[in-house]
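# Coordinate inspection notes
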Amino acid sequence: MGNTFFRWSLTLCMIYSVSGEGCSLVLKPSRVVVGFGEPVSVSCEATRPVRVLGWESVISAAHTQQDLSVQWKVDSLIDWIEEPICYGVFFTAPRQCEEKLNLVLYKTPDSVSIRPVNHSGPMVEGKEYQLLCEVQNIAPVQYLTLRWYKGQTEVYNHSFTELTSSSPVQVSSILMVTPTKAENGAQYRCVAELELGPEGPQPPPTVTSEPLNASVYFPPTFLDPVPAVLDLTVGAEMTLNCTATGNPTPVYSWQSSNPIPEGMGDEAALTSSSLLPGTYTCTASNTLEKKSKQFIVKAKTKGV
């Protein structure tokens, strides 16, 4: 009872205490970064004779009389609202003062995940999409930076310095993408990085999402879209190459007033030694679009 009354009375006195340069209290270290559930120990030292020196704290409160040093020590720190304060009652003015410990209790996220928003399946070239990165149970969020990567290149980062929660929270970030066909197969990743300052772990702790593999649909594109004019040498083998790139993979069809060589009507290329002069039209198509290309075959006599 007496000890409780002493601490209560001392707390009332602390309302009128000073802090800062005239306090004569030194915390070693002055800033502490500790992982959730890890041990922590901080020393408070008085630089002049002291009547009472102690720690006000939710856990591990302590005080000593006339000693110039007192420790705040916790074997496993799990209290998110802990704000330890070292106080001193001195023989000379200023008679009361206090120093608050700059304490950062951190926790890496339980998970970091990435997914499309309001969309499933492949993306279409030229359309705008949103990718969502979600981070579960991270603290303190104001030290968090979410870094978006496409392949090995960082394309966007999102910080949360405006938030002030000290306990674990869930946060998210959105990346806007307008894919091109060159990005088909690209990998997107989201990396949660806790930048806790020089007192924190080095390098900063990071948790990375599973990669999101981008599948981009784009219409057929011919390697050479210009109509081709070819001279036919009677009896010589000739190839009409209609190959196109596209996703999904294009399918082909051929039309001509001349007979199409048997079994080649759905191939990307016609190869035959029996083609006749005339116009051959190739169509490459997928689920997005159809595109056609003409081959004009002209007769040519051997030796001419």
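Quick caveat: nothing in here was measured; it's all calculated off a predicted structure.

So, on to the nonpolar core. Soluble, globular proteins show a tendency: their nonpolar side chains are buried together. Among the nonpolar cores identified, the biggest contains 26 residues, and Val 135, Leu 144, Leu 146 and Tyr 188 are the most heavily contacted of them. Among the secondary structure elements, those contributing two or more residues to this core are strand E9 (102–106), strand E10 (111–116), strand E12 (129–138), strand E13 (144–150), strand E15 (169–177) and strand E16 (187–194). It is E12 that contributes the most residues to this core, 5 residues altogether. Ignoring sequence-local partners within four residues, the contact set of Tyr 188 consists of Ile 114, Leu 131, Tyr 149, Lys 150, Leu 175, Val 177, Glu 183, Glu 210, Pro 211, Leu 212 and Ala 214. Judged by nonpolar contacts, the second largest core, of 24 residues, contains Val 32, Trp 55, Val 70 and Cys 97.

The next point concerns the packing of aromatic side chains. If you walk through the whole model with that rule in mind, you get 3 aromatic pairs. Between Phe 36 and Trp 80, the ring centres sit 5.0 Å apart and the planes meet at 5°, which makes this aromatic pair stacked. In this pair, Phe 36 sits in the loop between strand E2 (31–35) and strand E3 (40–46) while Trp 80 sits in the loop between strand E6 (69–74) and strand E7 (85–90), placing the two residues 44 residues apart along the sequence. Judged by relative accessible area, Phe 36 falls into the partly exposed class, the value being 39%. Both rings, one in Trp 55 and one in Trp 72, keep their centres 6.2 Å apart while their planes meet at 40°; by these two values the pair is tilted. In this pair, Trp 55 is assigned in strand E4 (residues 50–56) and Trp 72 in strand E6, connecting sequence segments 17 residues apart. One residue, Arg 48, lies across the ring of Phe 90, its end atom 3.9 Å from the ring centre.

The next point concerns the environment of Pro 211. Tracing the backbone through its elements, the reader meets Pro 211 in the loop between strand E17 (206–208) and strand E18 (212–213). Overall, the relative accessible area of 36% leaves Pro 211 in the partly exposed class. As a C-alpha pair, Pro 211 and Glu 154 span 57 residues in sequence and 14 Å in three-dimensional space. Sequence-distant contacts of Pro 211, defined by excluding residues within four places in its chain, comprise Gln 187, Tyr 188 and Arg 189.

Comment: phi is negative for the bulk of residues other than glycine, and the bulk of peptide bonds are trans. For the bond running from Ala 139 to Pro 140, omega is -15°, close enough to zero to count as cis. Residue placement: Pro 140 occurs in the loop between E12 and E13. Of note, the bond from Gln 202 into Pro 203 is cis; its omega dihedral lies within 30 degrees of zero at -5°. Looking at the secondary structure, you find Pro 203 in the loop between E16 and E17. One non-glycine residue, Ser 24, adopts positive backbone phi at about 65°. Along the polypeptide, Ser 24 turns up in the loop between helix H1 (2–14) and strand E1 (25–28).

Thresholds applied
Residues numbered from 1 in each chain as written. Predicted model: local features only at pLDDT ≥ 70, side-chain atom pairs only at ≥ 80, totals over all residues. Heavy atoms only, no water. Core = buried A, V, L, I, M, F, W, Y, C linked by side-chain atoms within 4.5 Å. Buried < 20%, exposed > 50% of the residue type's maximum accessible area, 1.4 Å probe, protein only. Helix = DSSP H or I, 4+ residues; strand = E, 2+ residues; numbered from the N terminus. Contact = heavy atoms within 4.5 Å. Phe/Tyr/Trp six-rings, centres within 6.5 Å; stacked < 30°, edge-to-face > 60°. Lys NZ or Arg CZ within 6 Å of the ring centre and 35° of its normal.

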